[in-house]
Amino acid sequence: MSQFWKPGSEKPRLLDDEEGGVLFYSASASSSSGFGYSNIEKQRQRLPVYKYRTAILYLVETHATTIIVGETGSGKTTQIPQYLKEAGWADGGRVIACTQPRRLAVQAVASRVAEEMGVKLGEEVGYTIRFEDLSKTGVTMVKFLTDGVLLREMMDDPLLTKYSVIMVDEAHERSLSTDILLGLLKKIQRRRPELRLIISSATIEAKSMSTFFQTSRKRRGLEGEESGPRTDPAILSVEGRGFNVQIHHIEEPVPDYLQAAVSTVLSIHEQEPMGDILVFLTGENDIDAAVQLLNEEAQNNGKHSSGLVVLPLYSGLSRADQDLIFSPTPRGKRKVVISTNIAETSLTLEGIVYVVDSGFSKQRFYNPISDIENLVVAPISKASARQRAGRAGRVRPGKCYRLYTEEYFVNEMSAHAIPEMQRSNLVSCVIQLKALGIDNILGFDWPASPSPEAMIRALEVLYSLGVLDDDAKLTSPLGFQVAEIPLDPMISKTILSSNQLGCSEEIITIAAILSVQSIWVSARGAQRELDEAKMRFAAAEGDHVTYLSVYKGFIQSGKSSQWCYKNFINYHAMKKVIEIREQLRRIAQRLGIVLKSCERDMEVVRKAVTAGFFANACCLEAHSQGGMYKTIRSAQEVYIHPSSVLFRVNPKWIIYNSLVSTDRQYMRNVISIDPSWLMEAAPHFYRQQRNPIAS
């Protein structure tokens, strides 16, 4: 039989170490297993986490919370849920949950674990991400999901009663959902002492996490004996399977990290022995550009760059593209994976020997005073830089090429990234907590406290949407309905308003399109052709109505990839839109929304958008040069983004979906409106204007 510690049998010997963690004499890693001689089982036993199997199960049995610090590649994400299942934590209809901050990681890890367990994905092992559920009630025992999806599950089941163990993985990323989840799980544990938590991470500050979960209350049995698991968290460190990584810094700062990354890849390919390369860039546009530059280089400069297989990796990828990344490199070829920071911790890529680190990632920064949330290309932290370098030492000694100077790394780089909670718009977070019945949000126990300004701004927005009442409680039915739709509350309000206006079919199409990154193909070197393609669909009313034309064309083409290619439309994005739209239809029907089309009456569509986004209204400055607008709310100077179909049109009154900041504040997804609609949609919001709105 497998070498497990089962409750009731002889306990493994252990020593408390001075750090408050526990040191184990582990069972030997060569112990036989009940799985037969399969190759997969041998691979599992070679993972560093394997020799801690007994230790982990012992800690989970005896402590309410276990904190596992394990380097990326130790096998913690794929193995621990399997150990728990094998030890009986999924017996009797219970479920083991494992959360990830990113959707792509959820899918990749779930399919790997299903393969290792020899089961069909979606049955004993399943996953759920927003708008996609591949799990079966009563059948699924190990379920992978995003933090955000687990939060939504609490709306139906506040104590998450079907789960026996919840493992929060990659907790060091400190995403907004992870932090809310940790705060809520701490509350749930008080009501469900039998629930076990595993907080797992690559570089978590284990001490501070342990302090957060420390509860002084002891549960005592009749004779004053402590009963149930211990409430003080256990800490266990699992080493990674690391080889030595040589780190090279550049001597002078580079003017263009994208160009520098491409040149570095080419020189590694010319001078270094075989082995795959992982390049860290910031986002989809950068990555597509680098893929194109490398492919062009391969065509123009055959002998040096032939043999490169260049693959992008970011969250919007299709399943087929994901599979290419995880498949083995063909003989005599060298794989180059160009990735966002998703490959930093969430996903392990075998075969990587060289890492090229640009030193940047895309990060969200929200300014609650100006109400602008920017996705900014910002320098990474030292913790991230170490994570990136570590990816090179998985299969053999590797090399990491940092496109920044050693002096910058030592003296200027910050030690850790700022938790997302302290740099994000909190509207969605506040409405979720309210829907879970947590009314004292300022008194909520956060792992990192959000700024009071961001909190107040979130409450103000929700109040203006009619989602919160004068006592800051959810309104009925609107507040509860908005909370139930898994979208930004402004879009949810738009969907609910479309019910009265009779254009719900159109609005859920628009909502689905706004939920994907972009339906247009990025047009490096083909900007004119892309602009011409956009003009074929362009509607005078603006981007939202243009999206309806694209969707209609896609459906009429029989959902043809050929049609998409011809019109510079991203086929995978459109397939995702169809899936999301189907989910939104189901949610709308559950909420009693009558699905109805307004045919060609685009005025009601624009009114519905105004009902949700009235706070984002702007007016064109009469004598401005270059199409400058001012926001009604705070008189900020804003401009229409060049990607909008209204870029050169400049209607007098418009509403935008979001603001991005580069050299200017740009409005994305813009629609023209009649100012009188603002007073109809939100008299409470606009009534205190000293100079009334006039067209």
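First, a word on what this report is: a plain description of the structure on this page. (Residues numbered from 1 in each chain as written. Predicted model: local features only at pLDDT ≥ 70, side-chain atom pairs only at ≥ 80, totals over all residues. Heavy atoms only, no water.)

## Quick look at the pattern of salt bridges
Move 1: Evaluated as defined, the whole model comprises 30 salt bridges.
Move 2: With its nearest N and O atoms 3.6 Å apart, the salt bridge here joins K576 to E132. Taken together, the positions of K576 in helix α23 (residues 571-590) and E132 in strand β6 (residues 132-134) put the pair 444 residues apart, joining distant regions of the chain.
Move 3: Between R633 and E460 there is a salt bridge, with the nearest N and O atoms lying 3.7 Å from each other. Of this pair, R633 sits in the loop between β20 (629-631) and β21 (637-640) while E460 is found in helix α16 (residues 452-464), placing the two residues 173 residues apart along the sequence.
Move 4: Of the residues examined, E460 reaches a relative accessible area of 37% and is grouped as partly exposed.
Move 5: Through salt bridges with shared partners, a single ionic network connects E41, R44, R53, E86, R112 and E116. (Salt bridge = Lys/Arg side-chain N within 4 Å of Asp/Glu carboxyl O. Helix = DSSP H or I, 4+ residues; strand = E, 2+ residues; numbered from the N terminus. Buried < 20%, exposed > 50% of the residue type's maximum accessible area, 1.4 Å probe, protein only.)

## Some points on the sheet that holds β6
Move 1: Taking strand neighbours across the sheet as the criterion, the eight strands line up as β6-β5-β7-β4-β8-β9-β3-β10 in an open arrangement whose pairing is mixed. Either end of the sheet is taken by a strand with one partner, and the two such strands are β6 and β10 (234-238). Direction aside, neighbouring strands of the sheet carry axes that sit 20° apart on average.
Move 2: Sheet topology places strand β4 (residues 95-100) next to strand β7 (residues 142-146); five bridges connect them, and they run parallel. Of the residues in β7, the one forming a bridge with A97 is K143. (Pairing = 2+ DSSP bridges. Axes fitted to C-alpha atoms, helices over the stretch in contact; angles between N-to-C directions.)

## Quick word on the packing of aromatic side chains
Move 1: Here the structure, examined in full by the defined rule, presents ten aromatic pairs.
Move 2: Taking 6.0 Å as the distance between ring centres and 70° as the angle between the ring planes, the aromatic pair formed by Y404 and Y408 counts as edge-to-face.
Move 3: For Y404, a relative accessible area of 6% gives the class buried.
Move 4: In this structure Y408 comes out as partly exposed when scored by relative accessible area, which is 23%.
Move 5: Through a chain of ring-to-ring contacts, three or more aromatic side chains come together here, namely W520, F537, F554, W563 and Y571. (Phe/Tyr/Trp six-rings, centres within 6.5 Å; stacked < 30°, edge-to-face > 60°.)

## Some thoughts on the nonpolar core
Move 1: Grouped together as the largest cluster of nonpolar side chains are 114 residues, with contacts concentrated most on I166 and L584.
Move 2: The element that contributes the greatest number of residues to this core is α23, accounting for eight residues.
Move 3: If sequence neighbours within four positions are ignored, L584 has contacts with F131, I485, L487, I508, A511 and A512.
Move 4: One finds I287, L311, V337 and L349 within the second-largest nonpolar core, a separate group that totals 47 residues. (Core = buried A, V, L, I, M, F, W, Y, C linked by side-chain atoms within 4.5 Å. Contact = heavy atoms within 4.5 Å.)

## What about unusual backbone geometry?
Move 1: The amide bond that connects S476 to the next residue, P477, takes the cis arrangement and shows omega of 0°.
Move 2: Structurally, P477 is set in the loop between α16 and α17 (478-484).
Move 3: Its identity is not glycine, yet L160 carries a phi of approximately 50°, on the positive side.
Move 4: Positionally, L160 belongs in the loop between α5 (147-156) and β8 (163-168).
Move 5: Relative accessible area serves as the criterion here: at 1%, L160 is assigned to the buried category.
Move 6: Backbone geometry places N669, a non-glycine residue, at a positive phi of 55°.
Move 7: Inspection of the secondary structure assignment puts N669 in strand β23 (residues 665-672).
Move 8: Residue classification places N669 among the buried positions, given a relative accessible area of 16%.

## Concerning the side chain of T65
Move 1: As for its position among the elements, T65 is in strand β3 (residues 65-70).
Move 2: Residue T65 is classed as buried on the basis of its relative accessible area of 0%.
Move 3: Within the local environment of T65, its side chain forms a polar contact with the side chain of Q189, the two groups lying 3.0 Å apart.
Move 4: Those residues in contact with T65 that lie beyond four places of it in its chain are Q189, L197, I199, F213, D232, P233 and A234. (Polar contact = N/O pair within 3.5 Å; in protein donor to acceptor, adjacent residues only side chain to side chain.)

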